[in-house]
Amino acid sequence: MAKKKSNKAFGTVIVLLALVLAAFFIYRKYLGARVQLKDRNYIYIFIRPEDDFSDLLEELEETGVIAKQEDFQWLAERMELPQNLHPGRFRINNGMNLRQIVNLLKYNKQEKVKLSLNSQIHNLDEFVLYLDDKLGLEAMDIEALLADEKLLDEKFGLDPDNCFALIVPGTYEVSWAISRDELINLLAQRYKKLWAPERLAQCKRVGFRVDEIVTIASIVQSESAIESEQEKIAGVYINRLKKNMPLQADPTLKFANRNFGVSRVLDADKEINSPYNTYRYKGLPPGPICLVSQQAIDATLNYGRHNYLYFCAKPQLNGFSDFSQSYEQHRRHAAAYQKALDKIGISR
């Protein structure tokens, strides 16, 4: 009897030992093994909407996150990752184990992409290239979206020529795998928030369409960042439009010549044959020359009511301008400004 008990106890010990060894093996192989990224602290992996589990396995192996697909696949399948795969950008930190990686992906703990849309983006081409670099969307998909006449008209009352006006500057946090529809809905949300009924009514009162106000505001913003100056400058441009005078706005020449960073506009710049050359062509250019802040839009909607037709940066170069009603007075201000630029060696 004692011998049977001894054999039974021995068998129990063997089973427990086997379980311990199996648990140790599983821990060592699947939970204890950690990502070794050598000289990097982290790496991103990207899952596209059309990717499946096999694509993920290839991505993990190619980026060096896992050594063998089989090891990761065994654990991932038992944790039901293939049925819970999410598109996006995921950050894998050096030293993570396989279970942590599976949980990261399964529970969609992706790292969002931060888009900084500001006045440094001057046109649709730059906007498309910026998104193409930051997101999973292809440039051709974004271009097709911004060329969709029906969609632009129905959602914004815009068209492909002036649709740059729909992009509201700011910081956007989005999934790397954002779709075309999600992108346009996000832009529409910001656009409709900015152009609430009150601003739309104000726009109507001043006698311009939304895209026209945005275009004027883009020029005004490029002239000055000071709100009080923006209102006065907007008043100058609107006065000139009402008198059918050319705007003669230097920022439009910089845009037309792609000389965004120059400090001085030359007579040669005025020779370009472009609809954005407001020295050659009267009226507003086809669209905005940069992304426009809410401040500049409001300054334009609340433009200064005055009789000025000209303005020129002060020779003190302090961000303010001298305003004139007559061309003779403006020439004197312009000469003082040009002399100040010459004095400090700004030739371009």
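Residues numbered from 1 in each chain as written. Predicted model: local features only at pLDDT ≥ 70, side-chain atom pairs only at ≥ 80, totals over all residues. Heavy atoms only, no water.

Examining the overall build of the chain
Basically, it comes down to this: Segments assigned H or I by DSSP are reported as helices when at least four residues long, segments assigned E as strands when at least two residues long, and all are numbered from the N terminus. For the radius of gyration, the atom set is restricted to C-alpha positions; the globular benchmark scales as 2.2 Å times the number of residues to the power 0.38. Burial classification: accessible surface area is computed with a 1.4 Å probe over protein chains only, and a residue below 20% of its type maximum counts as buried, one above 50% as exposed, and the rest as partly exposed. What sets the accessible areas is the Shrake-Rupley method with a 1.4 Å probe; for residues, cover comes only from the shown protein chains. Counted as positive: Lys and Arg. Counted as negative: Asp and Glu. His and the chain ends are not counted at all. By convention, the point assigned to a charge is CZ for Arg, NZ for Lys, CD for Glu and CG for Asp.
Within the chain, the secondary structure is distributed over 14 helices and 6 strands. Against the globule reference of 20 Å for 348 residues, the chain gives a C-alpha radius of gyration of 31 Å, more extended than a compact globule. Each principal axis of the C-alpha distribution contributes one length, and for the chain these read about 120 × 50 × 35 Å. With 348 residues in all, the chain has 42% of them scored as buried. Carbon and sulfur atoms form 49% of the exposed surface of the chain, whose accessible area is close to 19,300 Å². Measuring between centres, the 47 positive side-chain charges of the chain sit 8 Å from its 45 negative side-chain charges.

A few points about the environment of L104
In plain terms, the rule: By definition in these notes, contact holds between two residues if any of their heavy atoms fall within 4.5 Å.
The topology assignment puts L104 in helix 4 (residues 98–106). Here L104 falls in the buried class, since its relative accessible area comes to 12%. Setting aside anything within four residues of it in sequence, one finds L104 in contact with F90, R91, I92, M96 and K109.

Focus on the nonpolar core
The condition is simple: Side-chain atoms within 4.5 Å are what join buried Ala, Val, Leu, Ile, Met, Phe, Trp, Tyr and Cys residues into a set we call a nonpolar core.
Ranked by size, the top nonpolar core spans 65 residues in total, and within it L166, W195 and I297 carry the most contacts. Broken down by element, this core gets its largest block of residues, 7 residues, from helix 10 (residues 210–223). Residues in contact with I297, not counting those within four places in the same chain, are L194, W195, I213, V214, A217 and V292. V35, I66, M96 and L105 belong to the second largest nonpolar core, which has 24 residues in total.

A look at the pattern of salt bridges
Formally: Whenever a carboxyl oxygen of Asp or Glu lies within 4 Å of a side-chain nitrogen of Lys or Arg, that contact is scored as a salt bridge.
With the rule as written, the count across this model stands at 8 salt bridges. As a salt-bridge pair, R209 and D211 come within 3.0 Å of each other at their nearest N and O atoms. For R209, a relative accessible area of 49% corresponds to the partly exposed category. Judged by relative accessible area, D211 falls into the buried class, the value being 7%. Measuring nitrogen to oxygen at the nearest pair gives 2.8 Å for the salt bridge that ties R264 to D342. Of the two residues, R264 sits in the loop between helix 12 (250–257) and helix 13 (294–301) while D342 sits in helix 14 (residues 327–343), which places them 78 residues apart along the sequence. In this structure R264 comes out as buried when scored by relative accessible area, which is 12%. Here the residues in one salt-bridge network are R209, D211 and E212, joined through shared partners.

Points about the confidence of the model for the chain
The condition is simple: For every residue, the predictor states its confidence as a pLDDT score lying anywhere from 0 to 100.
A residue-level look at the chain finds 91% of positions with pLDDT of 70 or above and a mean pLDDT of 90. Confidence drops under pLDDT 50 across residues 18–27; counting only partners more than four residues distant or on other chains, this segment forms 4 contacts.

Here's the deal with the environment of M140
Summarising the element assignment, M140 is placed in helix 6 (residues 139–146). Separated by 94 residues in the primary sequence, M140 and A234 have C-alpha atoms spaced 36 Å apart.

Here we look at the packing of aromatic side chains
Definition in use: For this analysis, a ring pair means two rings from Phe, Tyr or Trp (six-membered ring only for Trp) whose centres lie within 6.5 Å, classed as stacked if their planes differ by under 30 degrees, edge-to-face if by over 60, and tilted for the remaining angles.
Overall, the coordinates contain 10 aromatic pairs when judged by the stated rule. Here the aromatic rings of F46 and W176 are separated by 4.8 Å at their centres, their planes lie at 50°, and the arrangement is tilted. Separated by 130 residues along the polypeptide, F46 in strand 1 (residues 42–47) and W176 in the loop between strand 4 (170–174) and helix 8 (180–194) bring together distant segments of the chain. Residue class for F46 comes out partly exposed when judged on its relative accessible area of 29%. Taking relative accessible area as the criterion, W176 reaches 8% and is therefore assigned buried. Pairing Y237 with F311 gives two aromatic rings, centres 5.7 Å apart and planes at 85°, and the pair type is edge-to-face. Separated by 74 residues along the polypeptide, Y237 in helix 11 (residues 227–242) and F311 in strand 5 (residues 310–313) bring together distant segments of the chain.

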